Structures are given as C-alpha cells and as structure tokens.
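Tertiary structure, described
Chain residues, written in single-letter form:
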Amino acid sequence: MFIVAVTGGVATGKSTISKVFERQGIPVIDADKIAREIVEPGQPCWQRIREIFGDDVLLPSKEINRAVLGKMIFEDKELRGKLNKITHPTIHRKIFWQVCKLLVTGHAWIVLDLPLLFETGVLIDFIHKIVCVTCDSDKQLERLIARNELSETDARHRVDSQIPLDQKCEKSHFVIDNNGSVEEAEHSAMAIYNLMRDSKQHWLNRISFLGLFLILGFTIYLLLKVFNKLPESWQM
Ligand SMILES: CC(C)(COP(=O)(O)OP(=O)(O)OC[C@H]1O[C@@H](n2cnc3c(N)ncnc32)[C@H](O)[C@@H]1O)[C@@H](O)C(=O)NCCC(=O)NCCS
Ligand SMILES: Nc1ncnc2c1ncn2[C@@H]1O[C@H](COP(=O)(O)OP(=O)(O)OP(=O)(O)O)[C@@H](O)[C@H]1O
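You'll find the protein entered in an unreviewed UniProt entry as Dephospho-CoA kinase domain-containing protein, with Drosophila gunungcola given as the organism. For the protein, the Sequence similarities (unreviewed entry) comment in UniProt is given as "Belongs to the CoaE family."

Here it is, written out as structure tokens:
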C-alpha cells in the first residue's frame, strides 16, 4: 500500500484537497475527525481532559467546549503540551489500526489528512509521499477568522502554534498553492492524483509485503521442523 499524507497549516485547505482524493474513491483518514471522536463524553481522553483542565472546558451537555479549550491551549504552550500528551497517543493508535484495516482490504493507496505530521513526527516513517497545502499568511488568517469566528489575536496564536509553512513545504514531495480559487487548488490536487495513480510504487510495496510474509512463513516452518513440531502431513 502507498500512503500519502496531506498536511499544511491550520485552515490552509487540507480538507478541501483531501476531498478531491476522496471523490476519486481513495480512502481518507482524517486526524481531526479522530481527534473529535476520542474526546466524546465518557471516553478515556475526555476523562483525562476533565481531570487536567477542569469542568470549565465542558459545555452543559458535558461535551468539550472546543472554543474554550482551543483558546486555552493555543495561548499557552505548556497547556498545549498537556493536551497533546492526552490525545496524540490515542489519535496515532487509531490511525495505525485504520491503516491496517485498509491494508488487508487491498487498497492500492490511501490518504492521511494529518495537520501535525511534522510537529509530532510520529507517522513520518510510514508515509511514502507528502502533499503540503499552503497559502499566504494573510489568506490563512482571513480564512481561519471567517471559519472559526476568531479574533485576529486568537487566530494568530493558532497559526504560531505550528511549524512555519515554508519549512513544511520544503520537507514535502508536492506543494499545493491554495492562494487562488478552490477550483484551482482542486485542479492541482487532480494533477497529483493522476501522477500517483500512474505510479507503480504500490506494486513494489505489495511485492515487498508478500516477500516479508513468505520469509516469516518459511522461518516458522523451519522452527517447527527443528523442534520436531511439524504436523505429520507436512513432513517431506
Ligand atoms: C483544541 C481543540 C479542542 C480545538 O478544537 P477546534 O474545533 O477549534 O479545532 P479543530 O479540532 O477543528 O482543529 C483545527 C486545526 O487546528 C490545528 N490544531 C489542533 N490541535 C492542535 C495542536 N495541539 N497543536 C497545533 N495545532 C493544532 C490543526 O491544524 C487542526 O487541523 C482541538 O483542536 C483539539 O482537541 N486538539 C488536540 C488534538 C489534536 O492535536 N488535533 C489535531 C489533529 S492530530
Ligand atoms: N481556495 C480557497 N478560496 C477560498 N476559501 C477557501 C479556499 N480553500 C479553502 N477555503 C476555505 O478556507 C477554510 C479552511 O479550509 P479547509 O477546511 O479545507 O482547511 P484545513 O487546512 O483542512 O483546516 P483545518 O486544518 O484548520 O481544519 C474553509 O472555510 C474553506 O472553505
């Protein structure tokens, strides 16, 4: 399987680009969606958040008040570290299992929408190609303020909590410039999709996987033989 990560900055257009791949039938694993699911009331991460941040970050429905928690953690690096420590291991574990499930169902490639790929560095070794979605900082702020109804100061805190976009782009295989219209960005995503669709990399990965599987099987066979544990019908 061929794993493609879509990354970038907050509100630069990752979801907009991931949807292009999704429309082409590519499974997309969305880290933000998983991050929401694991903090639903009663979940272990929700309990830890309540213990560390108190009831002030809960709505009357007991759901996390995302605006309040967001304001707290984007203003304060230490608190952000505490929230990351609660949520990131579970998010990464869930992503890992979702990838494993897709692996056995035989998908040629999948997309991970991973905003913090470079910040955490955890999944980087499993990614074959990285697509960075970028735009100018004034556009990023403008879109973030409009979408999340934030003040300019709060929006800046969110942007500043992440690695600068130019550094992320430098480390990526593809860069999508999302300064123009949505259609233009979608067109760039389609060009990348076409390139990857024509790539033979997934066959290489499948052959390596099969090779590993055969080596493992042969090792188990040899061990059983050495310790005289082979079923009689397998004896040659
Ligand atoms: C702080 C929370 C409650 C704010 O919720 P809100 O609905 O306002 O934002 P949302 O979850 O949609 O995130 C939007 C974007 O913010 C950025 N972001 C979110 N968490 C972080 C973080 N810990 N550090 C840096 N950027 C972050 C990402 O670019 C993300 O795509 C929420 O983001 C959260 O629970 N974050 C911790 C989990 C996490 O790291 N998620 C990111 C995906 S791994
Ligand atoms: N080219 C564009 N022109 C105008 N608006 C855009 C464009 N691309 C995205 N947007 C808008 O900007 C906002 C952010 O886009 P999107 O949700 O795709 O970004 P994101 O990187 O996934 O954000 P986040 O990581 O914060 O969830 C959305 O409101 C979206 O509609």
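Picking up after the structure, the text goes on.
**Re the site of ligand 1**
As a structural note, the neighbourhood of ligand 1 is formed by 20 residues, with Val-10, Ala-35, Arg-66, Gly-70 and Pro-115 the closest of them. The set of elements that each furnish at least two residues to the shell around ligand 1 consists of helix 2 (31-37), helix 4 (66-75) and helix 5 (77-104). If you tally residues by element for the shell around ligand 1, the top one is helix 5, at five residues.

**Observations regarding the domain arrangement of the protein**
Domain boundaries assigned for the protein yield domain 1 (2-199) and domain 2 (203-236). Relative placement of domain 1 and domain 2: their C-alpha centres are 40 Å apart.

**Here's the deal with the pairing of strand 3 (residues 109-113)**
Extensive coverage of strand 3 is indicated by the burial of four of its five residues. Alignment of strand 1 (residues 2-8) against strand 3, held across five bridges, turns out to be parallel. Looking at strand 3, one finds that Val-6 is bridged to Asp-113. With three bridges connecting them, strand 2 (residues 28-30) and strand 3 associate as parallel partners. Directly across from Ile-29, in strand 3, lies its bridge partner Leu-112.

Basis of the calculations
Residues numbered from 1 in each chain as written. Chains lettered and ligands numbered in written order. Predicted model: local features only at pLDDT ≥ 70, side-chain atom pairs only at ≥ 80, totals over all residues. UniProt positions renumbered as here; feature names shortened; annotations may be inferred. Near = placed C-beta within 6 Å. Helix = DSSP H or I, 4+ residues; strand = E, 2+ residues; numbered from the N terminus. Domains from an automatic or database assignment. Buried ≥ 20, exposed ≤ 12 C-beta atoms within 10 Å, placed from the backbone. Pairing = 2+ DSSP bridges.

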